[in-house]
Every structure is written in structure tokens, then in C-alpha cells.
Protein chains: 2
Amino acid sequence: MSLTDFLFGKPLATLDERAERIGTAEGIPIFGLDALSSAAYGPEAALTLLLPLGALGVGYIVPVSASIIVLLTIVYFSYRQTLGAYQSGGGSYTVARENLGTSAGLLAAAALMIDYVLNVAVGISAGVGALVSAAPSLERYTLWLCLAILVIITNVNLRGVRDTGAVFLLPTYLFVGTLVLTIVIGCAKTVLAGGHPLPVIAPPAAPKALELVSAWLLMKVFASGCTAMTGVEAVSNGVKAFREPAAVHARRALTAIIALLIILLAGIAYLVRAYDISATAPGVAGYQSVLSMLVAAVTGKGIFYYVTMGSILLVLALSANTSFADFPRLCRVIAQDNFLPRSFAVRGRRLVYSWGIYTLFFLSAGLLIIFGGVTDRLIPLFAVGAFLAFTLSQAGMVEHWRRLKGPGARHSMAINGLGAIATGITVVVVLVAKFVDGAWITVVLIPAMIFVMIAVRRQYHHMSMQIASQSPLDLTRFSPPIVVVPIDRWSKIPQRALTFALTISPDVIAVHVAAGDRTVYLQNEWHDYVEVPVGELGMCPPKLVVLSSPYRFVIIPLVDYVLDLARRRPDRQIAVLIPEVVENRWYYHPLHNQRATALKAMLYFRGNPQIVVINMPWYVQP
Amino acid sequence: MSLTDFLFGKPLATLDERAERIGTAEGIPIFGLDALSSAAYGPEAALTLLLPLGALGVGYIVPVSASIIVLLTIVYFSYRQTLGAYQSGGGSYTVARENLGTSAGLLAAAALMIDYVLNVAVGISAGVGALVSAAPSLERYTLWLCLAILVIITNVNLRGVRDTGAVFLLPTYLFVGTLVLTIVIGCAKTVLAGGHPLPVIAPPAAPKALELVSAWLLMKVFASGCTAMTGVEAVSNGVKAFREPAAVHARRALTAIIALLIILLAGIAYLVRAYDISATAPGVAGYQSVLSMLVAAVTGKGIFYYVTMGSILLVLALSANTSFADFPRLCRVIAQDNFLPRSFAVRGRRLVYSWGIYTLFFLSAGLLIIFGGVTDRLIPLFAVGAFLAFTLSQAGMVEHWRRLKGPGARHSMAINGLGAIATGITVVVVLVAKFVDGAWITVVLIPAMIFVMIAVRRQYHHMSMQIASQSPLDLTRFSPPIVVVPIDRWSKIPQRALTFALTISPDVIAVHVAAGDRTVYLQNEWHDYVEVPVGELGMCPPKLVVLSSPYRFVIIPLVDYVLDLARRRPDRQIAVLIPEVVENRWYYHPLHNQRATALKAMLYFRGNPQIVVINMPWYVQP
């Protein structure tokens with residue numbers, strides 16, 4: 001087993017692909033982690049904004065959560081229909097592009113890409129938030145913990161989708177199980193205590209009230225709470241990953257995911273109010289997550305607390321995995337339409353789209369570093385993209401049904417229309433409420449990304465027009481190239497290069513940059529070692545051209561000579577033969593080839609189609 | 001004027017070199033900055049270690065400085081002799097290598113290289129220390145200020161030595177002028193006040209005494225204070241940079257530098273005691289440099305204070321420049337002996353050794369980042385290298401005079417012998433006193449560097465043995481290569497590649513990795529576009545080989561095919577013709593060539609001398 005195999009898994013053949021597909025039970029963790037884990041930061045994001053209201057603030061979490069659940073239900077019914085209509089994977093990009101045109105598709109694509117990256121950053125930072133709640137002494141290592149988790153997830157994903165499912169199954173069910181249990185116990189205690197249960201461990205007291213409640217504040221609370229809904233579109237992007245019948249499996253997975261999410265959101269809101277739990281200030285020592293306080297209040301800090309916090313950490317960190325499953329797939333679809341570099345559509349060793357995974361890794365690592373791994377600073381950027389994608393997807397479905405005109409199309413159209421309106425209003429609310437705090441970044445990024453995607457496609461098109469050919473080989477102007485061989489001093493390296501040059505063309509020119517005595521030696525050796533033996537074979541011996549170089553440059557005179565030669569002989573190809581020393585050990589590489597590399601780069605940079613570069617490796621024997 | 005010219009200066013011809021040489025007045029700032037500026041951190045390093053003694057500690061600075069001045073005088077007379085004996089540049093490396101053998105030379109080289117790097121880091125960090133003394137609010141930007149200054153100095157040096165001298169002339173003389181004036185005024189006030197002058201601005205009170213004085217503590221104080229002597233060897237490395245008669249100019253510059261340094265050290269020690277100035281804790285808010293407190297005590301915080309602090313900042317930061325003048329020269333000498341990659345001996349556009357400058361930049365930036373730009377943390381690593389180099393240089397000179405046996409050789413030998421013994425003892429003292437605090441790093445690094453240098457030389461030797469040739473071209477086995485052309489689909493790119501291939505060899509094989517329908521199209525086109533026209537010319541048409549690839553890899557099957565072909569045809573060269581798309585704009589580069597680059601890399605990595613790579617650029621028209 002090679003090191004690469006150990007790190008990234010054995011390569012998988014294309015025929016293995018079918019076996020890599022998943023069922024409902026595996027689909028829930030893979031495509032639902034993001035949606036479910038949002039329950040761990042959505043309510044908290046809302047509660048953090050309620051802090052200025054002091055003890056009274058907690059009460060507002062119930063109506064806010066209720067409105068989010070209503071919105072979630074609408075979105076669920078909308079997406080159910082998408083799954084049936086787009087069985088080969090109906091991400092917002094596909095649906096919007098097919099029904100509303102390219103611009104809408106690119107808008108959805110940009111929105112989704114931003115949100116996938118943010119989801120990785122928010123998921124991991126919130127997971128680390130859970131960890132430092134349970135172990136406060138780790139607070140100052142927040143960023144390093146985030147980056148370490150990101151590296152692990154990236155590696156797991158480079159290994160491929162099957163392995164991924166297996167790794168995430170247990171933590172997801174543990175997370176849902178412990179939280180639901182906490183909610184059940186908490187509700188039972190609340191009911192038994194007549195609505196005011198005694199916490200096992202009391203949460204920190206709410207801070208003093210600094211503001212009175214206002215519509216603007218509640219709007220911001222709602223906008224932040226909406227982050228709890230991110231990730232519900234994941235199933236619709238990934239229908240293709242399900243086993244046949246894919247639509248059925250996908251629909252079951254979606255239903256389970258949304259139902260569980262509603263239970264979690266409702267339960268958390270109810271208990272937070274019952275136990276009077278306010279958020280704590282984020283990003284500073286003393287921070288504790290809302291779920292940590294909640295579980296401690298309901299069950300105390302026993303084994304159950306640590307198991308729950310452990311599963312929250314795992315699931316939140318791994319929720320990033322939804323993005324790692326979907327971001328590369330989205331990039332592939334976009335790249336197949338030539339809006340992104342084609343490398344995004346090439347599958348690597350393990351049937352995954354490696355370029356997408358690398359890109360996601362670097363972008364989310366950048367976000368984590370810029371925002372120091374603090375969830376609360378990332379939240380304002382989040383959700384705009386998700387709701388924009390929701391809206392475009394639903395609007396696209398409305399158009400889809402309008403065209404289809406089948407039985408039931410009217411009914412379906414109404415459902416998707418309601419979804420489009422509800423999510424469209426939410427986009428505006430979120431954008432306005434969080435614009436100053438960070439949503440403006442999304443507003444700037446989305447057009448920039450659309451611009452890049454259009455430019456990529458135009459350049460590919462431009463290129464393919466240029467190279468398109470429906471004509472046979474043109475062998476009318478058919479003469480061997482003039483071969484130019486740079487030579488510094490006589491050794492086996494130019495000896496081999498010259499021999500090769502003479503086999504491919506009778507026109508060989510050796511070029512030497514003058515360097516004092518060395519030049520004189522070389523000129524003598526040239527006569528004995530080249531002119532005599534080649535002459536004896538009756539061939540025309542190669543010329544030795546000596547170039548002067550007042551600036552001690554070696555590269556520039558050579559390149560100038562080649563360019564000048566190309567100008568003087570427009571009818572001929574010029575082949576520059578560059579010997580390169582290849583060391584058998586990488587750490588010897590810096591000893592050689594700086595000049596060869598520079599010469600090649602400059603020939604490419606200043607060159608033209610007449611000029612071809614031949615690399616001749618010289619392998620150093622150990 | 002091009003951008004490169006603006007940033008780095010116009011290229012200089014070799015003939016311009018003479019004009020680039022300098023006189024005594026310019027030699028003092030260029031080679032003396034390091035030595036002179038040491039006065040700004042040497043006494044402070046000693047005083048910081050005296051802090052635990054409380055108010056009593058300051059008194060010990062006078063005897064410690066006196067012993068350092070005695071040592072400095074001995075070293076001065078030693079180096080005076082080196083300048084006369086080694087007119088073409090007698091750095092410790094050259095002197096030790098010629099007289100004591102290669103091992104001693106490499107030891108000196110490693111020691112010097114380490115000290116040059118440390119000198120850059122210490123000079124810049126101490127300069128920034130002066131800045132934050134005058135403007136305490138900048139304290140938290142210490143590291144960023146350090147790095148910004150490093151970038152500026154690096155750029156100035158890439159422009160060449162003449163410009164460098166002009167930039168540093170004024171600050172050096174301003175530094176020496178203001179400090180000497182401060183000392184004169186301070187001494188006058190002290191004498192007039194009967195030994196106890198009243199400070200204009202009182203320095204912070206000394207901390208409480210925590211320890212009693214001990215021999216061990218004084219030894220550490222002496223060892224830290226010795227950093228004031230670093231840099232005095234600079235002139236001996238740079239004799240060649242002086243105008244003729246170089247030895248005379250160099251000797252005058254050395255005398256002036258040492259005399260000024262002694263005045264500064266003696267004056268600072270005397271006034272620090274007279275005004276009772278203790279150091280402040282380094283690396284935390286409230287830090288103030290000793291010179292800042294001294295100048296404020298003597299003259300108050302008026303214009304003169306800020307001019308003085310400004311010149312200290314400039315000179316300390318620029319003292320790094322001594323290293324930038326000497327480190328690349330040292331690397332060149334070592335590289336000419338094949339102990340470092342040859343690139344270090346190649347002069348760039350502006351007659352400077354660019355590789356040495358880049359290396360110094362990266363190493364000192366690394367040190368600054370690791371130690372947060374705090375001088376006090378760098379001091380323990382410093383001085384070991386300098387004194388080791390002093391010792392080897394003096395010992396080498398002793399051997400030099402022993403061999404020479406001329407008149408006066410005995411006398412000269414005695415002077416260098418005294419120098420060798422004094423500095424040798426100092427090395428041991430510094431090493432023991434600062435071992436735990438950081439000197440051990442030097443002890444680990446020096447053998448590692450010597451190992452690397454020996455390995456580099458061995459590898460160059462090994463290589464030159466392999467390629468040495470005193471034989472003519474061997475044209476007995478003389479047949480054109482088999483040309484392999486990878487092809488994906490028919491377009492102008494493979495069309496041009498195949499045409500070129502046919503001009504250099506009759507044996508052309510096109511290789512295609514199977515990809516569904518595309519393969520079928522290609523096979524049809526191959527017949528019409530290649531086989532027919534080539535056949536019509538009466539030539540043997542190129543074969544189209546289709547490779548299957550169950551893992552969707554493209555690169556690996558191609559490389560395997562080429563390697564297999566090379567095995568089957570051991571008598572032939574195999575030329576792999578790889579078309580590459582060259583975009584006219586750099587930002588389009590990611591769109592193409594990932595496969596071409598990977599293919600070339602793998603052919604090199606797994607290839608053998610039979611295999612040659614031909615790069616054929618395809619320029620995209622704008």
C-alpha cells in the first residue's frame with residue numbers, strides 16, 4: 001500500500017460508481033447534517049441579538065422561532081416538488097438556468113457557492129464553540145482548532161462519498177438522539193413544574209437591559225435566526241447520489257430532515273424561554289453556547305452533558321461536510337457549461353471532484369482566518385446566499401409548471417409560487433437587516449463572481465473558435481526545424497543534445513554566451529569534437545555562434561538571438577533544445593536548472609508560434 | 001522607463017563596475033553601520049540583564065563596558081593586519097580556509113552567515129524599539145513595522161551598492177553626530193553638577209532588587225553586552241568594494257568606525273550611571289529604550305530628542321544593510337568554491353548577487369516573525385557566530401604570519417595571536433552564559449549548515465565527474481526519434497503538432513485516451529484528415545493508438561505507454577510532443593494546461609534518458 005493510497009484511499013474505477021450510491025438512512029447524515037446542525041447556531045444567533053433587551057429578550061425567541069418554522073414548512077413543500085421534477089439533480093443553478101435563463105442560473109450559482117463556503121466556516125467555528133463551552137481553557141486556541149478540523153474533513157472528502165457517509169452516520173444520529181432526549185426531559189420537567197422548572201445548573205444571569213424592543217431589532221433577530229434554515233436545499237442538489245429509485249429515497253430523506261429540524265427548533269425555543277437562558281458574549285473568555293447552557297440546565301453536567309456536547313461538536317464540525325459533498329458537484333455542473341475552468345469537471349483518484357474540494361478548503365480556511373473562527377462574526381454574511389438560491393429555485397419551478405401545463409401543474413405552481421414569494425421576502429428582510437453588519441460583502445461578491453464566470457465562458461468560446469478545424473493536415477510547407485542548442489562548456493550534456501539535434505534536422509546552430517577563457521577553450525573543442533566528426537560523415541557541421549553580453553545576462557541574449565532568427569527565417573520552425581539536469585533526490589534540485597527554467601519561461605513569454613522548446617533531461621546517477 | 005527599471009534600477013554593465021567602488025567617507029556608513037549601531041542595543045542588552053539587581057545594577061555597566069572596549073581594541077589591531085594581508089577581501093571564511101583548512105573555513109562561513117541573518121533581525125527590531133519608545137502607541141504594531149522596514153531595505157539593496165551608500169550616508173552621520181553631542185552635553189552637565197546631574201526628564205525608577213550580584217550574572221551581562229561588537233569584521237569582507245588603494249581606504253574606514261564605537265560605548269556607560277538609568281521590561285507596553293531615556297534625561301523631549309531618535313531608528317534599521325552588503329558577497333565566495341548552489345555566484349541586473357539578497361530577506365523575515373520583532377528575545381542567539389568568526393579569522397592570520405616568516409611577521413603574529421586568544425575566550429564565555437537562553441540554537445545550526453555545504457560540494461563534484469567529456473560527438477547510432485503526440489480531439493492544435501512531428505521524424509505515433517463518443521469521432525477524422533493526405537505524399541502515415549483508462553486518468557496511461565515504448569525500442573529516442581496553450585493574459589492561465597503540466601512533470605519524474613519532451617506553444621490570439 002503506497003503512502004498516497006493510505007492517505008487518500010485506493011483509486012476507484014468508473015464502474016465502481018454505482019456501488020457508491022446511497023440510501024435514505026445514509027442520505028440523512030450526508031445531505032442533512034448542514035440543515036440539522038443549523039439548529040445549534042440559528043437560535044443562538046437570534047438570542048445573541050436579543051442580549052440588549054436583558055432578561056425580557058428571551059421571551060421573543062418563541063414568536064421568532066415560530067415564524068421561521070412556518071417559512072421552513074413552506075420551503076419543504078416547495079423542494080419536495082423539485083425532487084420529483086429534477087431527478088438528475090435539481091440544484092438551484094440547474095432549475096434557475098433551465099427555466100429563467102442563464103443570468104438567473106449564474107446568480108443562483110454565485111449565491112450557492114458563497115453559502116457553501118460560509119457553511120463550512122460557520123459549521124466548524126460553531127463546533128469549536130461547543131467544544132470551548134465544555135472546556136473553557138481551550139478558548140484561546142479557537143482558530144487553530146477550527147483549522148485542524150477543516151484539514152481532517154477535507155481529507156475525509158478527498159477519499160470519496162461512500163467513506164464519508166460511514167464516518168458521519170453515528171455522530172448525526174447521536175446528535176439528534178441526545179438533543180431530542182434533552183427536549184423531552186426538559187418539556188416533561190417544565191410541565192411537571194407548572195411552566196417554571198428549576199435548572200440543575202443555573203445559566204448565567206441575563207445582562208442588564210440597554211434597549212427597548214423595536215421592530216428593527218426583531219427584524220434583525222429574525223434575519224439571524226434564518227441561518228437555522230441554511231442547508232435544506234442540499235438534498236435537491238444531490239439526488240443523483242441516491243440509489244434508485246432516487247427521487248423516492250431523496251424525498252424520504254428530505255422529509256426526515258425537515259421534520260427533525262422543526263422538532264429541534266421548536267423544542268429549543270420552548271425550553272430556552274422556560275429556563276430563561278440568555279446568550280453569552282461571543283469571541284471572548286467566558287463564552288458558553290446556548291445549547292451547552294440548555295443541556296446543563298436540563299440534565300446537569302454529567303456524562304450525558306459531555307456526550308451531547310461531543311456529538312454537537314462532531315456534527316457541527318462535520319456539517320461542513322454537506323458543503324464538501326455539494327460544492328464540488330455544483331462546480332462540476334457549472335464547469336460543464338464552461339463557466340468555470342474545466343479542471344472542476346475532472347474526477348480524481350477517488351471519484352470525487354478534487355479541484356472543487358481544494359477550492360472549498362482554501363476559501364473556507366481564508367474565512368476562518370479572517371474572522372478568527374468566531375461564529376458570531378460570520379453569521380451576518382450567511383443566509384443571504386441561501387435564501388437567494390431558494391427564491392430563484394422556487395421561481396424557476398413556477399416557470400417549469402407553467403410550461404408543463406399537465407394535470408396538477410396548477411396546484412404545483414401554487415405551492416412553488418408561495419415558496420418563491422415567502423423566500424423572496426425573506427431575502428429582502430435579511431439583506432436590509434444585516435446589510436451594514438456584513439451582508440454587503442455578499443452583495444459585492446455575487447456580481448464579481450458572475451463577471452468571472454461569464455469571462456471564463458467567453459474565453460473558452462473564443463479559444464474553441466480559434467482552434468476549431470475541419471481540415472486535413474497541411475503538408476505543403478514541409479521542412480525540418482532549425483535547431484538552436486545553447487552551450488556553456490563542452491561536456492556530455494551538450495554532446496548528447498547535439499547528437500539528438502542532428503537526428504531531427506540538418507540545420508543545427510549552437511549558441512554560446514561569451515565568458516572569457518571558457519569561450520576560447522570551447523571554440524577549440526568545437527573544431528575537434530564537432531566539426532571534424534560531422535564533416536567526416538559528409539554532413540554540414542553545426543555552426544557555433546558566440547554572443548557577447550555586456551550585462552552578464554545569459555538568458556536575454558539567447559532569447560534575443562532566437563527571436564531574431566525567427567524573424568529572419570519566417571518560413572522555418574525554430575526548435576530550442578534545452579538540456580535539464582534531473583536529480584534523483586528532490587533536495588538537490590536547487591543546485592541546477594535555474595537558467596533552464598528562466599530560459600523556457602522567457603521563450604514562452606516573448607515567443608511566437610514559430611518557436612518550439614525541446615527539453616532534454618540529463619539524469620544524474622546516484 | 002519600464003516598471004522593472006523603476007523598481008530595481010536600470011541594469012548595469014560589467015564595465016560600470018569600477019565606478020561603483022567607494023571611498024573612506026562612503027565606506028564608514030556602508031560597512032560601519034552595523035558596528036556603530038550595535039552601540040544602541042549592546043549596552044541595553046547588558047542593562048536588561050542587570051534589572052534583577054534593582055537600583056544597584058546600573059553601577060556594573062561601567063566595568064562591563066570597559067572590558068568590552070578593551071576586547072574591541074584588541075580585535076581592531078588584529079583586523080587592521082588582515083586588511084593589509086588580504087586585499088582582495090579577507091573575510092573570516094577566506095582567511096580561515098586558506099590558512100587552517102576547509103573545515104575551519106566552513107565553520108567560519110556558517111558562523112558568519114548565522115550572524116548576518118541575526119544582525120538584520122536585531123538591527124530592525126531594535127530600530128523599531130527606538131520608534132515605539134518615541135511613539136508608545138505604535139507598540140502593538142511592532143512586528144508589522146519590522147517587516148515593512150525589511151522590505152524597504154531589501155529593495156534598496158536589490159538596486160545595487162552605489163545607491164545604497166548614498167541612502168545611508170546622512171542617517172549614519174546624523175546618528176553619530178547627535179549621540180556624540182548628547183554625550184558631550186551630558187558629560188559637561190555631570191562635571192558641572194559634581195557627578196550627580198539633574199535629569200531634564202527623569203527616567204522611570206529602577207525596579208526592586210530581586211537578586212544579589214553574582215559572577216554568573218556578570219558573565220551573562222558581559223556576554224549580552226558583547227553584541228555591541230558585532231559587525232566590526234564587515235570592512236575586512238568588503239575590501240574589494242573600496243576605491244584603489246583599497247587597503248588604505250579600508251584601513252582608514254575601520255579606524256574611524258572603531259574609534260567612534262569606543263566613544264559611544266564609553267559615553268553611554270558613563271552617562272547611564274551618572275543619570276541612574278535602568279532598562280525597562282522588553283516586549284510589553286511601557287517599554288522604552290535606554291537611549292531614549294538617556295537623551296530625554298540629558299536634553300529633554302524637544303526637537304533634538306526626536307531628531308536623535310529618528311536617526312537611531314534609521315541607523316538601527318539600516319544597520320541591517322551591512323548584512324545585505326556582505327551576506328551575498330560571502331555566499332558568492334562560498335558558491336564559487338561549490339559549497340553553495342551556483343546561483344549565489346551569479347550577478348543580477350544591478351551588479352548585486354540577487355540570490356543572496358533574497359535568501360537573507362526570507363531568513364530574517366522568518367526570525368522576526370518567530371520572535372515577534374522583540375530585540376531582547378533575539379539577543380541570546382546573537383554574538384556566538386560573530387565571535388567564532390573573529391577567533392577563526394585571527395587564528396588563521398597567526399598561521400598566515402607563521403608561514404610568511406617575513407620581517408615583522410613575528411610582531412604581527414603576536415598581535416593576531418592575542419586577538420585569537422581574547423576572542424576565543426569570549427566565544428566560550430558567551431556560549432556558556434547564553435546557552436540555555438538561545439545560544440544552543442546556534443550550536444545546532446552550525447554543524448547542520450556545514451553538513452549541507454559539504455553535501456552541495458560533493459553533489460557538484462559527483463555531477464561534474466559524470467558529465468566530463470573529452471570525446472567527440474558519437475554519430476554511430478544515428479536515427480531520428482519516435483515522436484509520440486497525445487491527442488484528445490481533432491483541432492488546429494494536434495494538426496500543428498502532427499505536422500511538426502512529421503518534419504522531424506518519419507516515426508510518429510498519436511496516442512488517445514479512450515473517452516466514449518469522442519474516440520469514435522476521432523477515429524473517423526483520423527482517416528480523412530491524416531491517413532489520406534500523408535499517404536498521398538507517399539509517406540507512411542502516423543498510427544493512432546487508443547488507450548483504455550478504467551480510472552478516468554489521462555496522464556498515467558500516457559506515461560505508461562511512453563515508458564513501455566521506450567522499453568520495447570531501447571535503440572531509439574522517444575520524443576513526447578506536448579502542445580501547450582499560452583494565454584496572452586496571466587489571469588486566463590488557470591483555464592488550460594493542467595494536464596500538460598502534470599504530464600511533463602510525470603515524464604520527468606518517472607522518465608529516463610531515452611525520453612525527450614517537446615513543448616509546442618499555441619498562442620491564443622486576443
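Values in this document were obtained by computation on a predicted structure and should not be read as measured data.

### A closer look at the overall build of chain A
A count of helical and extended segments in chain A gives 20 helices and 5 strands. Taken along the three principal axes of its C-alpha coordinates, chain A extends 110 × 60 × 50 Å. Buried positions account for 50% of the 622 residues belonging to chain A.

### Here's the deal with the confidence of the model for chain A
Residues and elements named next belong to chain A. With 94% of its residues at a pLDDT of at least 70, chain A reaches an overall mean of 85. Within chain A, the element-level pLDDT minimum falls on helix H1 (residues 3-8), averaging 46, and the maximum on strand E1 (residues 482-486), averaging 94. A low-confidence stretch, residues 1-9 stays under pLDDT 50, and its non-local contacts, those more than four residues away or across chains, total 10 contacts. Here residues 11-19 is modelled with pLDDT under 50, and outside its nearest four sequence neighbours on either side it reaches 12 contacts, counting other chains as well. For this predicted complex, the interface confidence score (ipTM) comes to 0.73, while the overall pTM stands at 0.72.

### Digging into the pairing of strand E3 (residues 543-547) of chain A
Residues and elements named next belong to chain A. As paired strands, strand E2 (residues 508-513) and E3 are joined by 5 bridges and run parallel to one another. Among the inter-strand pairings, Val511 is bridged to a residue of E3, identified as Val545. Following the chain from E2 across helix H18 (residues 517-536) to the adjacent parallel E3, one finds a crossover that is right-handed.

### Things to note about the sheet that holds E3 of chain A
Taken in spatial order, the 10 strands of this open sheet run E3(A)-E2(A)-E1(A)-E4(A)-E5(A)-E5(B)-E4(B)-E1(B)-E2(B)-E3(B), and their pairing is mixed. Two strands close off the open sheet at either side, each with one partner strand: E3 of chain A together with strand E3 (543-547) of chain B. Direction aside, the axes of adjacent strands within the sheet are offset by 30 degrees on average. With 4 bridges connecting them, strand E1 (residues 482-486) of chain B and strand E2 (residues 508-513) of chain B associate as parallel partners. In the sheet register, Pro486 of chain B faces E2 of chain B, and the bridge partner there is Val511 of chain B.

### Some words on the packing of helix H6 (residues 142-158) of chain B against helix H12 (residues 303-336) of chain B
Residues and elements named next belong to chain B. One way to put it is that H6 packs onto H12 with a least axis distance of 10 Å and a crossing angle of 45 degrees. Judged by the inter-axis angle, H6 sits oblique to H12. As for the relative orientation of H6 and H12, their crossing is right-handed in sense. Touching Ile149, Ile153 and Asn157 of H6 are Ala317, Leu318, Ala320, Asn321 and Phe324, all from H12. Tallied by class, residues from the contact of H6 with H12 come to 6 nonpolar, 2 polar and no charged.

### Here we look at the relation of the copies chain B and chain A
The second copy of the chain is related to the first by a rotation about an axis and a shift along the axis. Expressed as a screw operation, the relation of chain B to chain A combines 0.1 Å of axial shift with a rotation of 180 degrees, fitting to an RMSD of 0.1 Å. Look at the turn and shift together and you get a two-fold axis relating the two. Interface residue correspondence from chain B to chain A reaches 100%, placing this contact among same-surface, isologous pairings.

### What about the interface of chain B and chain A?
Facing 63 residues of chain B, the contacting portion of chain A comprises 63 residues. The set of elements that each furnish at least two residues to the side of chain B that touches chain A consists of helix H16 (409-467), helix H17 (492-504), helix H18 (517-536), helix H20 (594-606) and strand E5 (611-619) of chain B. For the side of chain B that touches chain A, the element with the most residues is H17 of chain B, which contributes 8 residues. Class assignment of the residues belonging to the side of chain B that touches chain A gives a composition of 41 nonpolar, 17 polar and 5 charged. Where strand E5 (residues 611-619) of chain A and E5 of chain B come together, 3 bridges link them in antiparallel fashion. Directly across from Asn615 of chain A, in E5 of chain B, lies its bridge partner Val613 of chain B.

### Thoughts on the packing of helix H2 (residues 24-50) of chain B against helix H8 (residues 215-225) of chain B
Residue and element names in this part refer to chain B. Where H2 contacts H8, the two axes come as close as 7 Å, and the packing angle between them is 160 degrees. The pairing of H2 with H8 is recorded here as roughly antiparallel in orientation. Here H2 and H8 pass one another in a crossing that is right-handed. In this structure, H2 contributes Gly42, Pro43, Ala45, Ala46, Leu49 and Leu50 to the contact, and H8 contributes Lys220, Val221, Ser224 and Gly225. Considering only residue class, the contact of H2 with H8 consists of 6 nonpolar, 3 polar and 1 charged.

### So, helix H13 (residues 354-370) of chain B
Residue and element names in this part refer to chain B. Its 17 residues place the ends of H13 24 Å apart at the C-alpha level, agreeing with the 24 Å of an ideal helix rising 1.5 Å per residue. Within H13, burial applies to Trp355, Gly356, Ile357, Thr359, Leu360, Phe361, Ser364, Leu367 and Leu368. Gly372 sits one or two residues past H13 and shows a positive phi near 65 degrees.

### Let's talk about the environment of Met219 of chain A
Residue and element names in this part refer to chain A. Tracing the sequence through the fold places Met219 in helix H8 (residues 215-225). Here the alpha-carbon distance between Met219 and Val432, two residues 213 residues apart in the chain, equals 9.1 Å. Among all residues touching Met219, those that are not within four sequence positions of it are Val429 and Ala433.

### Some points on unusual backbone geometry
Residues and elements named next belong to chain A. One non-glycine residue with positive phi stands out, namely Asn338, at about 70 degrees. Structurally, Asn338 is set in the loop between helix H12 (303-336) and helix H13 (354-370). With a phi close to 80 degrees, Ala383 is a non-glycine residue in the positive phi region.

### Things to note about the pairing of strand E4 (residues 574-582) of chain B
Residues and elements named next belong to chain B. Two strands pair when backbone bridges link them, and E1 and E4 are joined in this way by 3 bridges, in the parallel orientation. If you follow Val484 over to E4, its bridge partner there is Val576. As defined by bridge partners, E4 adjoins E5 across 9 bridges and the pair is classed as parallel. Residue pairing for E5: Glu580 is matched across the bridge by Pro617. You can see the chain leave E4, run along H20 and come back into E5, and the turn it takes is right-handed.

### Some words on the environment of Ser133 of chain A
All names here are of chain A. Considering the arrangement of structural elements, one finds Ser133 in helix H5 (residues 102-134). Judged by local crowding, Ser133 falls into the buried class, with 23 C-beta atoms found within 10 Å. Separated by 116 residues in sequence, Ser133 and His249 have C-alpha atoms that sit 37 Å apart. Aside from chain neighbours lying at most four places away, what touches Ser133 is Gln288, Ser289, Ser292 and Met309.

### Re the environment of Ala134 of chain B
All names here are of chain B. Within the secondary structure layout, Ala134 lies in helix H5 (residues 102-134). Counting along the chain gives 175 residues from Ala134 to Met309, while the straight-line C-alpha distance between them is 7.1 Å. Setting aside anything within four residues of it in sequence, one finds Ala134 in contact with Ser292, Tyr306 and Met309.

About the thresholds
Residues numbered from 1 in each chain as written. Chains lettered and ligands numbered in written order. Predicted model: local features only at pLDDT ≥ 70, side-chain atom pairs only at ≥ 80, totals over all residues. Helix = DSSP H or I, 4+ residues; strand = E, 2+ residues; numbered from the N terminus. Buried ≥ 20, exposed ≤ 12 C-beta atoms within 10 Å, placed from the backbone. pLDDT = per-residue confidence, 0-100. Contact = placed C-beta atoms within 7 Å. Pairing = 2+ DSSP bridges. Right-handed = clockwise from strand over helix to strand, strands pointing away. Axes fitted to C-alpha atoms, helices over the stretch in contact; angles between N-to-C directions. Parallel < 35°, antiparallel > 145°, perpendicular 65-115°, else oblique. Left-handed = near helix turned anticlockwise from the far one by under 90°. Nonpolar A, V, L, I, M, F, W, Y, C, P; charged D, E, K, R; others polar. Least-squares fit on C-alpha atoms with pLDDT ≥ 70 in both. Expected span 1.5 Å × (residues − 1).

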